[in-house]
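Reading the structure
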Amino acid sequence: MRVLLTGSAGFIGFHVARALLERGDEVIGYDNFSPYYDPRLKERRNAILEEQRGFRLVRTDIGDRESLQDSFDDLVRGVSGTETRVCHLAAQAGVRHSIDHPNQFVRDNVQAFTYILELCRDHEVGGLIYASSSSVYGNSTRERLSETDSTSSQCSLYGATKKMNELMASVYHHLYGMRVTGLRFFTVYGPWGRPDMALFLFTGALLRGEPINVFGHGRMHRDFTYIDDIVTGVVSAIDRNHEDLVCNLAAGRTEELMEFIRQIERSCGREGEKEFLPMQPGDVVRTSADLTRAREYLGYEPTTAIAEGIPRFVEWYREYYGL
């Protein structure tokens, strides 16, 4: 297949692009190398992709309608629609960041998504797979979060923009028959991860001998999902290309934040000083995914527990920073 993959230099986008290239697909990467976090990490990811046969990069903003038009023209040139996919992973991330930068989130996560939908329709692309988030569930008190649960109450603008994506995609399916699959990611971690995420921050602080800021007084629970499991789910969604699907992608097991920290300490070989702090605005107490739909529609079965995934990340971190 030929895949237009937005956010190709991002954490998840990089890993998905590499998996597609390794199996022989052609990937048109699209990324603006946003300075939201250190662009050097994105450059390093992209350099690895540039070495792969079948990859080419468009380095520009997702809000640039003209560049997007050109990339869609390239996507469909010389191939049938059934051989094309758009995997839209580019977005402005960060629950707390969305509180301080609302206009940026509406522009990058809603307006740009409108461009993507319109261009998919105009070019008769075979299917659209896009990133949603567990944030759409808000601060639900349900034991297991299912796609059939209500998502009408949001805790952050970030979650609201992702819910808007799901609604818009479903409208385009019903109006134009477009094939759309939204994937609700749950706290993804692993090598080449985002520096603003907990695992990256905790590992860096531990190895530098600095205290760890533990929000929610350590009583939060998360469905921490290893990147390889996420990639398996995304690639399956690209291949199966359902008509109109929204699906959880998670580990299917929930860990207390303090156990997550203990695993990091074991991997780093040292115990850290902890500063316990209250919940931050927009955060939720617990995430725990029901994977029934993912198993049925994507054949999805995560395999990596934090006891395996965290040591792999710490090993990568040491190598990347020369520690």
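Notes on the structure in this doc start here. Everything quoted here is computed from the prediction, not taken from an experiment.

Turning to the overall build of the chain, a few remarks are in order. Tallying secondary structure elements over the chain gives 11 helices and 13 strands in all. A compact globule built from 323 residues should have a C-alpha radius of gyration of about 20 Å, and the chain, at 19 Å, falls within 12% of that. Overall, the C-alpha framework of the chain stretches about 60 × 45 × 40 Å when taken along its three principal axes. Counting across all 323 residues of the chain, residues that qualify as buried make up 56%. In the chain, once contacts between residues fewer than 6 apart in sequence are set aside, the share between residues at least 24 apart is 83%.

Tallied over the full model, the rule gives 21 salt bridges. The partner of Asp-239 in a salt bridge is Arg-23, and the shortest N-O contact between them spans 2.7 Å. Here Asp-239 is found in helix H8 (residues 227-240), whereas its partner Arg-23 is found in the loop between helix H1 (11-22) and strand E2 (26-31), with 216 residues between them in sequence. Overall, Asp-239 belongs to the partly exposed group, its relative accessible area being 37%. One salt bridge connects Arg-266 with Glu-259, and the closest N-O pair in it is separated by 3.6 Å. Judged by its relative accessible area of 21%, Glu-259 falls in the partly exposed class. If you follow the salt bridges from partner to partner, you end up with Arg-2, Glu-26, Arg-56, Asp-74 and Arg-77 in one network.

The subject of this paragraph is the environment of Asp-25. Residue position: Asp-25 is located in the loop between H1 and E2. Between the alpha carbons of Asp-25 and Val-314 there is a distance of 30 Å; along the sequence they are 289 residues apart.

Here is what the cut-offs are and how they apply
- Residues numbered from 1 in each chain as written.
- Predicted model: local features only at pLDDT ≥ 70, side-chain atom pairs only at ≥ 80, totals over all residues.
- Heavy atoms only, no water.
- Helix = DSSP H or I, 4+ residues; strand = E, 2+ residues; numbered from the N terminus.
- Rg over C-alpha atoms; globule rule 2.2 N^0.38 Å.
- Buried < 20%, exposed > 50% of the residue type's maximum accessible area, 1.4 Å probe, protein only.
- Contact = heavy atoms within 4.5 Å.
- Salt bridge = Lys/Arg side-chain N within 4 Å of Asp/Glu carboxyl O.

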